[in-house]
Each structure stands twice: as structure tokens, then as C-alpha cells.
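Residues per chain, in single letters:
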Amino acid sequence: MRRLIITNTYYQLIFAIQLRLTFFVNDDISLIVSDHSNNSKIVAERIKQEGLFNNTFYVESLSFLKKEKKFASARQFVDYCLKKETESSNLYLNRLNDLFFDELLVFNVDRYILNIFSTLSFYNKRLSVSHFEEGVLSYNSKLHCIITPKRKIMDFVRKVQGKPQFTKSGENFYCFYPELYKGELSPLKVPLIGNYSETVDIIKKVFNVNLSENDYKEKYIFFTSVYDFEGEHPIGEFELACKIADLVGKDNMLIKIHPRDRRTVYSDNGFKVDKNSNIPWEAIQLTGSFKDKVFLTATSGSVLSGSFMSSDSPRTYYLYELCKIDGNTIAEESRKSIVDLLSNKKTKKIFSNVRIAESLEDIK
């Protein structure tokens, strides 16, 4: 089968590598890596050099997606319902020689995905759309919804024209823990990434992971999220980091910057920032032992990777109770996902070392 995988984050990229080496080992797979994470162009080139996928392309789409367009809803209707090719579908697909695919795999569903589906379905009317996870907190995110009222209306127009409909195309949800998924797609279990697997070898190469004995000496590792610069308002994560530093000492604390965070606010204020912050945490944790550390975060899902990928799971504290989450819609969704996850009977054993802190004193 021919499949196209589109990735916007490093977690999605790691998951795509695992899919390639397990489920899709004998298939024709094309990979598109966007510029949504720092240094993604370099990483995409390394993947291409490894020859893991049949095609690997790097696409600069971040500025295109952020660009405010006049009459955006009307343009989306015209692009998706009436056009074979659009500005966004050309951006992603113009270097592919063969546009016949059996399956399109994505995490995010945005206007450009609808346009890509519209273009690809012209070449294969039976094209299916599947999703994959981006960490355990993503399983039941609204981003995985194929069917929405707006899409149903637009698909009615496409149906009248005899065109395939996005709302009828949903197929699989690829994930590590299908028992946690409650959505409309069919969950498929992907094998976990073993510590000495081929996937780990590839990850080390493409992310240039080369740790020394002096890396990660600090006891406390604070994982930042994106909600101080995404959403309706900052949640006060930086201010929380300052309070933690006052409690445990800046020398005993390391800041792991989120890959999408291009700010320098932590280093500008004297924090020790992980020099490997542009490397996905999953790639780092698979190469060493962190069982004696304490992981801290407001809402990041990265801290859970050790709890379901490694037997050496560290103490982990979620600190969102100490932040201003209310009113930041995407942060509220992350908080709900964390609460649902940690209260789920099926995951309590997996995340037995994970706690929700009610005060800073809980972390000592």
C-alpha cells in the first residue's frame, strides 16, 4: 500500500519512524516534515539520508498557516469544495511524482489537511484518513475529530458533485494504548519502542543524540509547555519556574524548553537551560537513566514518556494547580486530559509515580 504521513512535531516524527519500522515495513511510505519545530530542516535531511522512507520532504508551512486571510471561511469553502489544487495542497504535494495514496496519516486536522485530502482523493476516490497519537494526553483530543458540523455542510456540496467526502474517510487511530481511545476511529495498537530497538538507533542518528556523563546532573528537571505563548493568555509558567528555583535552587534545576518555544526568557533570567532542548525528550530518555530525578511540569505530556517507555520511571509532578489555566482553552483541554488519564483505572499502574501537586512543598 502507498501511504503519506504528515508530521508537525518531533513526537509525531518519532511515531512515524516507529510506524515505518513495524506496521508499514513493507509498504511504500512518503513522509512530509514541516517547519513547526526548531531545527526540523536539519532533522528532515538526516532522515532523508537514512533512506528510511521512500520519499522524505521538508515543507515550510508555519508562516502559511499563521497567515490571516481575508474571508477565510469563504476561501476554505471554495478551496475544499470546488478546486482540485489549492495553494496549501501545492505547498505540501508539489514534489511528489505520484499522488495516488491509499491512506493519509495526520495528527492535526486543519484547513490545509482538507485541501490535501481534496487533491489526493481526485487520484484515489477511496483514500482513507487516519490519525496517530502525539503522546498519551492526545488520545481523545478534539483534533482527532473527522466529523464536525462545518465539514458536514461542505461535504454535502462535494457529495452533490460526486466527490469523496472527508467526513466519510476516517479509518484508523494508531497508538500505543488503544484501550485509552474513545473516539470515532478504529484504534490499532503500535508496538512500544524498545530501548535497544532499530527505532532507537534511527532516533539517535536523526536527532544527533550524544550524551556525556556531565549531562542531566541536576535533580529537578522542569519541562515547559507552550501555554505561556499559545492560547488566550499566559498561564504563568515562567513565574512558577521562578518559585521552584527559590525552593530548590537554580543550580539544582534544569529547564527543558519545549521544541516550539523560540523565546529566551529562561536563559535571559539565569536559568540553566538544557542544551538539548531542541531534541525531543523521548529521544533523550531512551538513551539514559533518569530514575533518581524529579520531573516537573505544568501540563507537558513529555514527562510521561518514561512511565510508559521505560521501567525506570522517575517521580513526576504536574503543577497546573499552581498556574492560571482557566481561560486558556487549549491549556484547559490539557488539564482535563491529565486528570482523566491519572484517574483512569487502566493507567494507574503505568503512571504510579505521577502526582498532581497542590503546593510546591509536595515536590521536595
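Note that the structure is a prediction, hence the values are computed from the model and not measured.

About the criteria used
Residues numbered from 1 in each chain as written. Predicted model: local features only at pLDDT ≥ 70, side-chain atom pairs only at ≥ 80, totals over all residues. Heavy atoms only, no water. Phe/Tyr/Trp six-rings, centres within 6.5 Å; stacked < 30°, edge-to-face > 60°. Buried < 20%, exposed > 50% of the residue type's maximum accessible area, 1.4 Å probe, protein only. Pairing = 2+ DSSP bridges. Helix = DSSP H or I, 4+ residues; strand = E, 2+ residues; numbered from the N terminus. Axes fitted to C-alpha atoms, helices over the stretch in contact; angles between N-to-C directions. Arc of directions from axis to C-beta. Contact = heavy atoms within 4.5 Å. Parallel < 35°, antiparallel > 145°, perpendicular 65-115°, else oblique. Left-handed = near helix turned anticlockwise from the far one by under 90°. Nonpolar A, V, L, I, M, F, W, Y, C, P; charged D, E, K, R; others polar.

Undergrad: Can you break down the packing of aromatic side chains residue by residue, with the values?
TA: In the structure shown here, the tally under the stated rule is 21 aromatic pairs. Each ring, one from F23 and one from F24, has its centre 6.4 Å from the other, and the planes form 75°; the classification is edge-to-face. The exposure class of F23 is partly exposed, given its relative accessible area of 35%. Among the aromatic residues, ring-to-ring pairing joins Y216, F223, W281, F290 and F295 into one connected group.

Undergrad: Before we move on, can you summarise the sheet that holds strand β9 (residues 253–256) with the specific residues and values?
TA: Spatially, the five strands line up as an open sheet ordered β9-β8-β10-β11-β12, and their pairing is parallel. Unpaired on one side and paired on the other, β9 and β12 (354–356) mark the two borders of the sheet. On average, adjacent strands in this sheet sit at an angle of 25° to one another, irrespective of strand direction. Relative to strand β11 (residues 315–318), strand β10 (residues 294–297) is paired through four bridges, and the arrangement is parallel. Considered in β11, the bridge of F295 is made with T316.

Undergrad: Describe in detail helix α8 (residues 198–206), supporting the description with residues and values.
TA: Those residues of α8 that sit buried are T199, V200, I202, I203 and V206. Down the axis of α8, the sector holding all buried residues measures 160°, keeping them to one side. Buried residues along α8 sit against α1 (10–21), α2 (40–50) and α11 (281–285). Trailing α8 by a residue or two, N208 shows a phi angle of about 55°, which is positive.

Undergrad: Lay out the packing of α2 against α8 in plain terms, naming residues and giving numbers.
TA: Running from N to C, α2 and α8 point in directions that differ by 130°, and their axes come no closer than 9 Å. Viewed along their axes, α2 and α8 adopt a mutual orientation that is oblique. Crossing hand, α2 versus α8: right-handed. Touching V43, R46, I47 and E50 of α2 are I202, K205 and V206, all from α8. A class-by-class count of the residues in the contact of α2 with α8 yields four nonpolar, no polar and three charged.

Undergrad: Run through the sheet that holds strand β2 (residues 28–34), naming residues and quoting values.
TA: Here seven strands make up an open sheet; going across it, the order is β3-β2-β1-β4-β5-β6-β7 and the pairing parallel. The open sheet has two edge strands with one neighbour each: β3 (55–59) and β7 (186–189). Averaged over all adjacent pairs, the angle separating strand axes in this sheet is 20°, with direction ignored. Bridge count between strand β1 (residues 2–7) and β2: six bridges; the pairing is parallel. Of the residues in β2, the one forming a bridge with I5 is L31. Along the sheet, α2 makes contact with β2 and β3, crossing β3 at roughly 170°.

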